[in-house]
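Listed below are the residues making up each chain.
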Amino acid sequence: MERRRILLCAGTGCISSGSLGVKEALLKELEKRGIADQYEVVTSGCHGFCEQGPIVIVHPEDIFYCRVQAEDVPELVEEYLLNNRVVERLLYKDPVSGEHIKNHLEIGFYAKQLRRVLRNCGVIDPENINEYLARGGYEGLKNALQLSQLEVIEEVKKSGLRGRGGAGFPTGLKWEFTYKAQGDKKYVVCNADEGDPGAFMDRSVLEGDPHAVIEGMLIAAYAVGADEGYVYVRAEYPLAVKRLRLAIEAANRHGFLGKNILGTDFSFQLKIKEGAGAFVCGEETALLASIEGERGMPRPRPPFPANAGLWGKPTCLNNVETFANIPLIFRLGAEEYAKVGTERSKGTKIFALTGKINNTGLAEVPMGITMREIIFDIGGGIKGGKKFKAVQIGGPSGGCLPEEKLDLPVDYDSLTAAGAMMGSGGLVVMDEETCMVDLARFFLTFTQKESCGKCTPCREGTKRMLEILERITQGNGEDGDLEMLEDLAVTIKDTALCGLGQTAPNPVLSTLRYFRDEYEEHIYEKKCRAGVCTNLVSYYIVPEKCVGCTLCARNCPVNAISGERKSPHEIDPSVCIKCGVCYEKCKFNAIILK
Amino acid sequence: MKENLEKNYTEDPFDYGAVEEVLERYQDQKGALIPILQAIQEAYGYLPREALEYTARQLRIPLSKIFGVATFYAQFHLTPRGKNIIRVCQGTACHVRGGAKILQTLKEQLNLEVDGTTEDLKFTLESVACIGACGLAPVIMINDDTFGRLTPDKIAEILEKY
């Protein structure tokens, strides 16, 4: 009898929601009931739907249980596994219709996705190479090794794949440059220094399907003629490092890595380098300096890494998601691969949906889908029924798009034209409670802190911009500030040395483009409509709504609220520190921001 | 004075065992300075001056260069740190879901600033750009444990566990 398979998500999100405790409870319960031999309990990588973790899927019928806790396990085993009665309260509940949904493909979050790169994530045990092999793993490599190096490059060019790390440079072209570069020694490097706040697709791929990245790197190495490679991965991702390490060991044992791979002349060894916490190391030349053991500072290009990269040798450098696309191209064929996507952006892109959205998580969608579909169909709309205000795309290098840009097809070129960029694919959704000026300040604080200090425009320019933004959010904005910001932004974009500096002004420029009125309100009316900039807001109790429950007064840390029981209270603005505790505690919505 | 120094020295000699072992492990590896520093920090909890000086002598690279690398990366620390490291995520998703308030609460409850360590060396408070668990925002990590969907009133209970 075939054993039924129970998949437990063990991505970082679900682990921190308690999935390992669920696994333990499940194994114990199955043992206790004497049915352990009928089930195969598999810990998988990320399903992407981190919001609903821990996630448990039972195969073959594909029942999707979410937010399962260890104490739910006895009921789940008794009711569902033994008596075949679905435990309704653990099913996903559609936030709009309120209906319980059994099968994960019927959930809005998954229905519009096209999971090609993530096809194994959440389905296989990433620590077991046999599961990868059973799903066509390393077939792409076998196909590629039948071709000549140039044919492999031609195939990648034909697929239309562009770099998924940010700038969207055609991958095949990059490979061709490295192939043509003169050198006795070449390297392949995988950029897994995913530092964009709000992006975690690379980590999920490494955690959920590490062999796909290894296979992609192998094909690249064969094509460009490299025999050594590195994966530069953030040390903040301990689970990804561990699974990648296990995967490399397994690939070595199975002869996919090492000498004379699959009986050919091709040899390749792969090592892991752990980053040490510097955002700028996501920039390719800084990353290479860091592998060499130096301070991670960028250097001017050209020469590009394809000609002079790691230790001065020709180096092919791609991002995790890019490499994870490669096996697909060689399994499906370039033509089939390129059927998905738009004219100039082929394939799929993984987005990390976060912020004030109902369904946070990872979603893989075909290029060309609209932002509205991603946010409202997959993301399930805005949390708490609030109003959509903007979506920030592409991390600190990207920009904010307002409501009227939501019907834009998502691809490299149209996003850039709208003032944002694909970047790594972080999507942070904001509602009316987000202040756009504060958000621009937030991003600039980040890039300013991460500026390596090598070139003046970035080191000094972002600091001056940040000072102006801080002034504006503190209520000390002046006439002329916005023009100065724009002037600085354009100069930094034109003159900074690397991608970090050149894109650092983007969040400011895009918010100025679409939300200029909010900046002007801060400067001229000393008003923050979102109620975020504390110097510009005051809390006020609406007497008609206040029932005098005293909850706010009891929670106020500075005793700024006075009033008799059962009669309206009042806030003393000279004492109030604007911490917002009263606003959060009030059950009658009697406290408002002015 | 001299007596004093000697006394200090004999009372608290620096233990070079760990750094010796680390350097041996990375012998002959190209560009291994960062992994070496990571391993030293793993062993001592921070990067002690003595260990860095020893590394400089053994690897024949200037101490200033090692200092330059150690201060460039956020991961490295030149002073002893607490037994439990609290990392508060200040990424975008956490920011829009109230990460700043979580940090504020931690600062108040531990009476610490960011990068500070409690006197009893129990906690060190740090902020990080992104933990990558945005689905659970706002998030903190204490050592290797992640705590998500936080509100300020949950903090005290979490700190109790350590």
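All residue numbers refer to positions counted from 1 along the written sequence of the respective chain. Written order decides the labels, with chains lettered from A and ligands numbered from 1. In view of the model being predicted, local features appear only for residues whose pLDDT reaches at least 70, and side-chain atom pairs are presented and counted only at 80 or more, with totals across whole chains, interfaces and linings using the full set of residues. Each side-chain value is worked out from all heavy atoms of the structure, with water and hydrogens disregarded.

**Q** I'm lost on the pattern of salt bridges in this one. Help?
**A** Two side chains bearing opposite charge may form a pair once their charged atoms approach each other closely. Residues and elements named next belong to chain A. The salt bridge criterion pairs a side-chain nitrogen of Lys or Arg with a carboxyl oxygen of Asp or Glu, the two atoms within 4 Å. Evaluation of the coordinates by the stated rule reveals 55 salt bridges over all chains. One salt bridge connects Glu236 with Arg234, and the closest N-O pair in it is separated by 3.5 Å. Categorising residues by exposure relies on relative accessible area from a 1.4 Å probe, with only protein chains included: less than 20% of the type maximum marks a residue as buried, more than 50% marks it as exposed, and the intermediate range marks it as partly exposed. When its relative accessible area of 29% is taken as the criterion, Glu236 is described as partly exposed. Of the charged contacts in the structure, one is a salt bridge between Arg464 and Glu460, with a shortest N-O distance of 3.6 Å. Taken together, the positions of Arg464 and Glu460, both in helix α18 (residues 456-473) and four residues apart, correspond to about one turn of that helix. Secondary structure is summarised from DSSP: a helix means a run of H or I of at least four residues, a strand means a run of E of at least two, and numbering begins at the N terminus for each.

**Q** Please clarify how the domain arrangement of chain A should be interpreted in this entry.
**A** How big an interface is tends to be stated in terms of accessible area lost as the parts join. By convention here, the domain bounds are inherited from an automatic or database domain assignment. For chain A, the assigned domains read domain 1 (4-111), domain 2 (129-337), domain 3 (348-431), domain 4 (436-525) and domain 5 (538-593). Measuring from the centre of the C-alpha atoms in domain 1 of chain A to the corresponding centre in domain 4 of chain A gives 46 Å.

**Q** What exactly am I supposed to notice about the nonpolar core here?
**A** A general trend in soluble globular proteins is that nonpolar side chains are found buried together. In this structure, Leu485, Val508 and Tyr519 of chain A together with Leu37 and Tyr73 of chain B are the most contacted members of the largest nonpolar core, which totals 81 residues. Residues Cys121, Ile153 and Ala221 of chain A together with Met141 of chain B belong to the second largest nonpolar core, which totals 79 residues. Remark: nonpolar core denotes a set of buried residues (Ala, Val, Leu, Ile, Met, Phe, Trp, Tyr, Cys) joined through side-chain atoms within 4.5 Å.

**Q** Is there a simple way to think about unusual backbone geometry in this case?
**A** In terms of backbone geometry, most residues other than glycine have negative phi values and most peptide bonds are trans. Residue and element names in this part refer to chain A. The residue after His59, namely Pro60, is reached through a cis peptide bond having omega 5°. Topologically, Pro60 is positioned in the loop between β3 (56-59) and β4 (63-65). Looking along the chain, the bond that leaves Arg301 and enters Pro302 is cis, with omega of -5°. Mapped onto the secondary structure, Pro302 falls in the loop between α12 (284-291) and β10 (315-319). With phi around 45°, Trp311 is a residue other than glycine that occupies positive phi space. Its place among the elements puts Trp311 in the loop between α12 and β10. Judged by relative accessible area, which is 23%, Trp311 ranks as partly exposed. The phi dihedral of Thr550 is positive, around 70°, even though this residue is not glycine. Considering the arrangement of structural elements, one finds Thr550 in the loop between β16 (539-541) and α23 (551-555).

**Q** I tried to follow helix α19 (residues 481-495) of chain A on my own but got confused; where do I start?
**A** Note: α-helices contain 3.6 residues per turn, so residues at a spacing of three or four share the same orientation. Residue and element names in this part refer to chain A. Expected helix span is taken as 1.5 Å per residue step, with the number of steps being one fewer than the number of residues. Relative to the 21 Å expected for 15 residues at 1.5 Å per residue, α19 spans 21 Å between its end C-alpha atoms, a close match to the ideal helical length. All of the buried residues along α19 are Asp481, Leu482, Leu485, Leu488, Ala489 and Ile492. Mapping the buried residues of α19 onto a view down its axis gives an arc of 125°, with all of them on the same face. The outward face of α19, more than 90 degrees from its buried face, is lined by the exposed residues Asp487 and Asp494. Arc definition: directions from the helix axis to the C-beta atoms.

**Q** Quick question: what am I supposed to make of the interface of chain B and chain A here?
**A** The contact criterion used throughout is that any non-hydrogen atoms of two residues lie within 4.5 Å. On the chain A side, the residues contacting the 34 residues of chain B number 55 residues. Here the buried area means the combined drop in accessible surface, using a 1.4 Å probe, for two parts upon being joined, counting both sides. Around 3,300 Å² of area is buried between chain B and chain A when both sides are counted, 56% of it from carbon and sulfur atoms. Measuring nitrogen to oxygen at the nearest pair gives 3.3 Å for the salt bridge that ties Lys65 of chain B to Glu294 of chain A. As used in this structure description, the phrase polar contact means that two N or O atoms lie within 3.5 Å; if the pair is within protein, one of them must be able to donate a hydrogen and the other to accept it, and residues adjacent in sequence are counted only when both atoms belong to side chains. Across the contact surface, chain B and chain A share 16 residue pairs in polar contact (both at pLDDT 80 or more). It is helix α5 (residues 63-72) of chain B that contributes the most residues to the side of chain B that touches chain A, five residues altogether. The classification used treats Ala, Val, Leu, Ile, Met, Phe, Trp, Tyr, Cys and Pro as nonpolar, Asp, Glu, Lys and Arg as charged, and all other residues, Gly among them, as polar. In terms of residue class, the side of chain B that touches chain A is made up of 16 nonpolar, 13 polar and five charged.

**Q** Sorry if this is basic, but what is going on with the state of the cysteines here?
**A** Such a bond, covalent and formed between the sulfur atoms of two cysteines, is termed a disulfide. All names here are of chain A. When two cysteine sulfur atoms are found within 2.5 Å, that pair is recorded as a disulfide. This structure, assessed with the given rule, holds zero disulfides over all chains. Cys435 supplies the cysteine sulfur nearest to Cys400, a cysteine that is in no disulfide, at a spacing of 11 Å. Cysteine Cys546 is unpaired, with the sulfur of Cys552 as its nearest cysteine sulfur at 6.0 Å.

**Q** How should I be thinking about the sheet that holds β10 of chain A in this particular structure?
**A** Across a sheet, paired strands are connected by hydrogen bonds in the backbone, their directions being either parallel or antiparallel. Residues and elements named next belong to chain A. Strand pairing follows a simple DSSP-based rule, namely that at least 2 bridges must link the two strands. Strands sit in the order β9-β8-β7-β10 across an open sheet of four strands; the sheet is parallel. This sheet does not close on itself; its edge strands, each paired only once, are β9 (269-274) and β10. With direction set aside, neighbouring strand axes in the sheet form an average angle of 20°. A fitted line through C-alpha atoms represents every axis, and for helices the fit uses only the stretch in contact; the resulting angles, taken between N-to-C directions, go from 0 to 180 degrees.

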